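Structural overview
The primary structure of each chain is shown beneath.
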Amino acid sequence: AFTVTQDALCTFSIAPTSQTMGAAGGSGSISVTTGGSCAWTAVSANTDWLTVTAGSPGTGNGQVSFTAAVNATGADRTGTIAIAGITFRLTQTAQ
């Protein structure tokens, strides 16, 4: 006989799911909520100006820290960070 052990189905939530930041840039954080043994990662789709600085990869509940560079483009811009398949959206205003 043998036994198969499976982890419980992992569900994830993040808060907030979006944020607006001024042109000067800065830092922020996103809370991740999930089961104790559920692993996750956070990946920026806009690594040239939106950077994950801490917290990834994680297991269980955690927090992702990020920084956004100065927006000198002259236009508002939007960047995203994918956390456990959920999209966080950062809108950064123009100077």
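Preceding block: the structure.
Note that this is a predicted model, so its numbers are computed, not measured.

**Focus on the nonpolar core**
I30, F66, I81, I83 and L90 are the most contacted members of the largest nonpolar core, which has 15 residues in total. Every element with two or more residues in this core is listed here: β3 (26-33), β8 (62-68), β9 (77-83) and β10 (86-92). If you tally residues by element for this core, the top one is β8, at 3 residues.

**Here we look at the sheet that holds β9**
Strands sit in the order β2-β10-β9-β5 across an open sheet of 4 strands; the sheet is mixed. In the strand order of this sheet, the two ends are held by β2 (18-21) and β5 (42-44), each with one partner. Across the sheet, the mean angle from the axis of one strand to that of its neighbour is 20 degrees, orientation sign disregarded. Pairing geometry for β5 and β9, over 3 bridges, is antiparallel. Among the inter-strand pairings, V43 is bridged to a residue of β9, identified as A82.

**Side note on the pairing of β9**
Burial within β9 is extensive, with 5 of its 7 residues counted as buried. The pairing of β9 with β10 spans 7 bridges and is antiparallel. Note that in β10 the partner of T80 across the bridge is R89.

What counts, and at which threshold
- Chains are numbered independently. Their residues run from 1 in the order of the written sequence.
- Since the coordinates come from a predicted model, pLDDT governs what is reported: local features require at least 70, and pairs of side-chain atoms require 80 or more to be given and counted, while whole-chain, interface and lining totals use all residues.
- Think of the side-chain values as coming from all heavy atoms in the structure, minus any hydrogens and water.
- Side-chain atoms within 4.5 Å are what join buried Ala, Val, Leu, Ile, Met, Phe, Trp, Tyr and Cys residues into a set we call a nonpolar core.
- A simple rule labels every residue: compare its accessible area, found with a 1.4 Å probe on the protein chains alone, to the largest value its type can have, and call it buried under 20%, exposed over 50%, or partly exposed in between.
- Numbering of helices and strands runs from the N terminus, with a helix taken as a DSSP run of H or I at least four residues long and a strand as a DSSP run of E at least two residues long.
- At least two bridges found by DSSP between two strands are what make those strands a pair.
- Each axis is a line fitted through C-alpha atoms, and for a helix only the stretch in contact is used; angles between axes span 0 to 180 degrees, taken between their N-to-C directions.

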